[in-house]
Amino acid sequence: QVQLVQSGGGLVQAGGSLRLSCAASGSIFSINAMGWYRQVPGKQRELVAAITSGGTITYADSVKGRFTILRDNAKNLVYLQMNSLKPEDTTVYYCNARIRAYRGGNERDYWGQGTQVTVSS
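Predicted model only: the values in this text are computed from it and were never measured.

K.L.:
Would you mind going over the state of the cysteines with me for this structure?
P.N.:
Two cysteines form a disulfide when their sulfur atoms are joined by a covalent bond. Tallied over the full model, the rule gives one disulfide. A disulfide bridge connects C22 with C95, and the sulfur atoms are separated by 2.0 Å. Measuring handedness by torsion sign, the sulfur bridge of C22 and C95 sits at about -80 degrees and is left-handed. Highlighted residues: C22 in strand β3 (residues 18–26) and C95 in strand β9 (residues 91–100), separated in sequence by 73 residues. Owing to a relative accessible area of 0%, C22 belongs among the buried residues under this scheme.

Below you can see the structure in the form of structure tokens.
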């Protein structure tokens, strides 16, 4: 059984910073990409940032220069450092990982439980 457990988030004033963490645990053979998504009620979940096992990084245009994704492959951790936060960053953030649970198995996506980030103006 694979689990992604998130921590961090909360309430911050505009211009402030927050850090999200996500730990993958359980039956894991390998992890391909890890990343962060966010979802505003009534809209589709959107990619915020992602990083492959090789270190290739993708950011949404709206967060470039403000957010940084970091990954610790040895500990199956991924972080999202969020600086210069804006009120429009307010929503629930989800950790994602594409994991192969055992040798020869298929990769599948796993999701964290979600973390609320609220940025006040």
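Additional details are given in the paragraphs that follow.
K.L.:
Is there a simple way to explain the sheet that holds β3 in this structure?
P.N.:
Sheets are built from strands that pair by backbone hydrogen bonding, the pairs being arranged parallel or antiparallel. Taking strand neighbours across the sheet as the criterion, the four strands line up as β1-β3-β8-β7 in an open arrangement whose pairing is antiparallel. The outermost strands of the open sheet, each flanked by one partner alone, are β1 (2–8) and β7 (67–72). The sheet shows a mean angle of 15 degrees between the axes of neighbouring strands, direction not considered.

K.L.:
I'm lost on the packing of aromatic side chains in this one. Help?
P.N.:
Geometry of an aromatic ring pair is reported as the spacing of the ring centres plus the angle between the planes. Tallied over the full model, the rule gives one aromatic pair. Arranged with centres 5.1 Å apart and planes meeting at 70 degrees, the rings of Y37 and W111 form a pair that is edge-to-face. Here the residue Y37 occupies a position in strand β4 (residues 30–39), and W111 occupies one in strand β10 (residues 107–111), the gap between them amounting to 74 residues. Assessed through its relative accessible area of 36%, W111 is described here as partly exposed. Of note, R19 hangs over the ring of Y79, and the distance from its end group to the ring centre comes to 4.5 Å. Over the ring of W111 we find R45; its NZ or CZ atom is 4.6 Å from the centre of that ring.

K.L.:
Is there a simple way to think about unusual backbone geometry in this case?
P.N.:
Phi is mostly negative for residues that are not glycine, and the peptide bonds are mostly trans. Located in the positive-phi region is N76, a residue other than glycine, with phi close to 55 degrees. Structurally, N76 is set in the loop between β7 and β8 (77–82). One non-glycine residue, S84, lies in the positive phi region at around 50 degrees. Residue S84 is classed as partly exposed on the basis of its relative accessible area of 40%.

Parameters and conventions
- Residues numbered from 1 in each chain as written.
- Predicted model: local features only at pLDDT ≥ 70, side-chain atom pairs only at ≥ 80, totals over all residues.
- Heavy atoms only, no water.
- Disulfide = S-S within 2.5 Å.
- Helix = DSSP H or I, 4+ residues; strand = E, 2+ residues; numbered from the N terminus.
- Buried < 20%, exposed > 50% of the residue type's maximum accessible area, 1.4 Å probe, protein only.
- Pairing = 2+ DSSP bridges.
- Axes fitted to C-alpha atoms, helices over the stretch in contact; angles between N-to-C directions.
- Phe/Tyr/Trp six-rings, centres within 6.5 Å; stacked < 30°, edge-to-face > 60°.
- Lys NZ or Arg CZ within 6 Å of the ring centre and 35° of its normal.

Spatial relationships are all this shows, so hold off on functional conclusions.
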